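Analysis of the macromolecular model
Residues per chain are reported as follows:
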Amino acid sequence: MESGSFSGYSWLDFSFSVVGVCTFLLDWCSDLWLAREFYCRGELLWFGVLLSLMLLSSVVVQMFSWFWFRYDRELPGFIQQAAGEGRILCADRGRLFCLLHVLQLGFLCRHFSAIRQGFRVWWRKEEGSEYAVYLTHDLSMLRLIETFCESAPQLILMIYVMLSTNQARTVQFVSVAASTMSIAWMVVDYHRSLRSFLPDKAKQRWGPSLIYFLWNLLLIGPRVGALALFSSVLPVLIAPHFLLLWLVFVVWVWKQSTAFMDSAGGEWLYRATVGLIWYFSWFNVAEGRTLGRSLIYHSFIAVDVVILLATWWSYRDLVQSRAYSLTLIISLPLAYLLGLLFKVLYYRCFHPKLFRPPDREPRLPHDLPDADVTFRSLSVQDVEPVPQLLNRRMASQAARFYPARRAVDTSDVTS
C-alpha cells in the first residue's frame, strides 16, 4: 500500500466539502427563518430557546476550531503547508482568525478554506493534497459536534412545538427537514472520514456506509422522538433530565481517561461535548474492546426511552393524541430495536479492521512521539514513508473505532 492512500484528495472529497457547506448554510438559514417566525408571532419563549441552542452550538464549535488552530500551529510542517497565498487558516494570520472565531465565523471560514484548497488540488492539480485532506478531517469532526449540539436538540424543540400546538407550519417542516438532513449527512461524512484512514480506502463501497447510516438513524430517531414526547407532557422536567444524564455521561467519559485534546481545558471541553453526544447517540472515546461499554450504554438508553414513553403515555391528552399515540408507542421501540439489529449486522459483516505491523522489539507507547504512535497504528509496513501532515485527532478516532489486526511477523514464523 502506498502512503498516498492516506492523503490522496479526490473529486469525492471536494464534493463532500461543497455539500457540507451548503447543508450548513441551509440549516442556519432555516433556523433564522424559524426564529423570525417565532418572534413575529409573539412566541418569545420558543424564540429564546431556539436562539440559545444556536448560540451554544456555535460557541462550542468555535472553541474546538480555535483550540485546534492553536495546536496545529505547533506541528512541524503545518505552517509551510498552510502558508500559501490567500489561505485563511494561515499561521501568520492568527489575530484575524481569532477575530473570526469571536464573531462566530471561524467554522464557516474553515469550510471555505477547505473548498478553496480542494479546488486547487483536485481541479488545478496543484500541490497541497495532504493539507486539503487535513482540513476535511477536521470539518467532519466539527460537523459532528455542531449536529449534536444544535440539530438534534432543535429537532426535539420542533417536534415539541408541533405536538403542543397540534399544528405544523411550513417553516417548521423546513426546519425539521434541514435538521434531519444535517444529521444524516454528518453520519455519512464522519464515517467516511474515519474510513479514509483504512488501507483499502480506494475500495470503499456504499453498502457499509448505508448500513452505518441506517442503524444510527434508527437509534437516534426514536431517542429524539421519545424526548420530544416526554417534553410535550412534562416540559419543566426535560432540563433536569438532560442535566442529570449529562453529568453521569461526563463522569463516565472522565473515568475512561480520554486524551483527545492537547490541553487540559480543551480535554474537559471534549468530555463535556461527548456527554452531550451520548445523550442522543453512542460515540466511542476509548481504545480496546467496546462491546461491554456499548451494551451498558444501549441498555441504559433503552430503559430511559421506555420510561420516557411510559410517562408520555400516562400524561398525554387523549383527544389531541388520538390520531398518532398508538402508532408512536409501537413504532418507536420497534425502530430502536431494528436499529440495534442493523448495528449488530454492521459490526458482524461490514466493520473493517486496522492493520498494525508486528513489533520486532517491545516498545512502550511513551517511547515514541504521539505522531509516530498514531501513524504506526495505521500503517501496514514499517518501511512505508510517514506522511508529512497527518491529522492525529481523526487518526486517533479511527484507531478507537476500528479494531486492530496485526500482520503476521514472518521472522517469528521462520524462527
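So, a few notes on the structure that sits alongside this text.

Criteria and cut-off values
- Residues numbered from 1 in each chain as written.
- Predicted model: local features only at pLDDT ≥ 70, side-chain atom pairs only at ≥ 80, totals over all residues.
- Heavy atoms only, no water.
- Patch = residues over 30% accessible without salt bridge, like charges linked within 9 Å, V, L, I, M, F, W, Y side chains within 5 Å.
- Areas by Shrake-Rupley, 256 points an atom, 1.4 Å probe, with all protein chains shown as cover.
- Salt bridge = Lys/Arg side-chain N within 4 Å of Asp/Glu carboxyl O.
- Helix = DSSP H or I, 4+ residues; strand = E, 2+ residues; numbered from the N terminus.
- Buried < 20%, exposed > 50% of the residue type's maximum accessible area, 1.4 Å probe, protein only.
- Phe/Tyr/Trp six-rings, centres within 6.5 Å; stacked < 30°, edge-to-face > 60°.
- Lys NZ or Arg CZ within 6 Å of the ring centre and 35° of its normal.
- Axes fitted to C-alpha atoms, helices over the stretch in contact; angles between N-to-C directions.
- Parallel < 35°, antiparallel > 145°, perpendicular 65-115°, else oblique.
- Contact = heavy atoms within 4.5 Å.
- Expected span 1.5 Å × (residues − 1).
- Bend = angle between axes of the 7 residues up to and from the residue.

For the rest of this paragraph, the subject is a nonpolar patch on the surface. Taken together, Trp 313, Leu 326, Ile 330, Leu 334, Leu 337, Leu 338 and Leu 341 make up a surface patch of nonpolar side chains, about 670 Å² in accessible area. Here the nonpolar patch takes 6 residues from helix H12 (residues 325-349), the largest share from any one element. Within the element layout of this structure, Ile 330 appears in helix H12. Here Ile 330 falls in the partly exposed class, since its relative accessible area comes to 44%.

Aromatic ring pairs are reported here in terms of the distance separating the ring centres and the angle at which the planes meet. Under the defined criterion, the tally for this structure stands at 27 aromatic pairs. Relative to Tyr 270, the ring of Phe 260 has its centre 4.4 Å away and its plane inclined at 20°; by these criteria the two rings are stacked. With Phe 260 in the loop between helix H9 (238-255) and helix H10 (264-278) and Tyr 270 in helix H10, the pair connects residues that are 10 residues apart, well separated along the chain. Of the two residues, Phe 260 and Tyr 270, both sit in the buried class. Clustering of aromatic rings is evident, with ring pairs tying together Phe 249, Trp 252, Trp 278, Trp 282, Tyr 297 and Phe 300. When the ring centre of Trp 254 is taken as reference, the NZ or CZ atom of Lys 255 above it lies at 5.5 Å.

Two measures define how a pair of helices packs: the angle their axes make with one another and the distance between the axes. Across the interface, helix H11 (residues 291-315) lies against H12 with an axial gap of 11 Å and an inter-helix angle of 175°. Here H11 is positioned roughly antiparallel relative to H12, judged by the angle of their axes. For the pair formed by H11 and H12, the contact residues are Ser 294, His 298, Ile 301, Ala 302, Leu 309, Trp 312 and Trp 313 on the first element and Ser 325, Leu 326, Leu 328, Ile 329, Leu 332, Pro 333, Tyr 336, Leu 340 and Lys 343 on the second.

Pairing is possible between side chains of opposite charge, provided their charged atoms come close. Following the criterion strictly, the structure yields 7 salt bridges and no others. As a salt-bridge pair, Glu 37 and Arg 36 come within 4.0 Å of each other at their nearest N and O atoms. Between Asp 72 and Arg 393 there is a salt bridge, and its shortest N-O distance comes to 3.1 Å. Of this pair, Asp 72 sits in helix H2 (residues 44-72) while Arg 393 is found in helix H14 (residues 392-401), placing the two residues 321 residues apart along the sequence. As far as the burial class goes, Asp 72 and Arg 393 line up, both buried. Taken together, the salt bridges that share partners define one network made up of Asp 72, Arg 110, Asp 138 and Arg 393.

With that settled, the discussion passes to unusual backbone geometry. For Gln 104, which is not glycine, the phi dihedral falls at a positive 65°. The residue Gln 104 is located in the loop between helix H4 (94-102) and helix H5 (106-122) in this model. The phi dihedral of Ser 257 is positive, around 55°, even though this residue is not glycine. With respect to the helices and strands, Ser 257 occurs in the loop between H9 and H10.

Once that is clear, we can look at the packing of H9 against H11. Their axes nearest at 14 Å, the elements H9 and H11 cross at an angle of 175°. With respect to H11, the element H9 is oriented roughly antiparallel. Together, His 241, Leu 245, Phe 249 and Trp 252 of H9 and Arg 293, Ile 296, Tyr 297, Phe 300, Ile 301, Asp 304 and Leu 308 of H11 make up the contact between the two elements.

Mapping Ala 272 onto the fold places it in helix H10. The residues touching Ala 272, leaving out its near neighbours within four places in the chain, are Trp 246 and Val 250.

Okay, helix H6 (residues 129-165) next. The terminal C-alpha atoms of H6, which comprises 37 residues, lie 51 Å apart, in line with the 54 Å expected from a rise of 1.5 Å per residue. Taking the largest bend as the criterion, H6 deviates by roughly 40°, centred on Thr 147. Asn 166 occupies a position one or two residues after H6 and carries a positive phi of about 60°.

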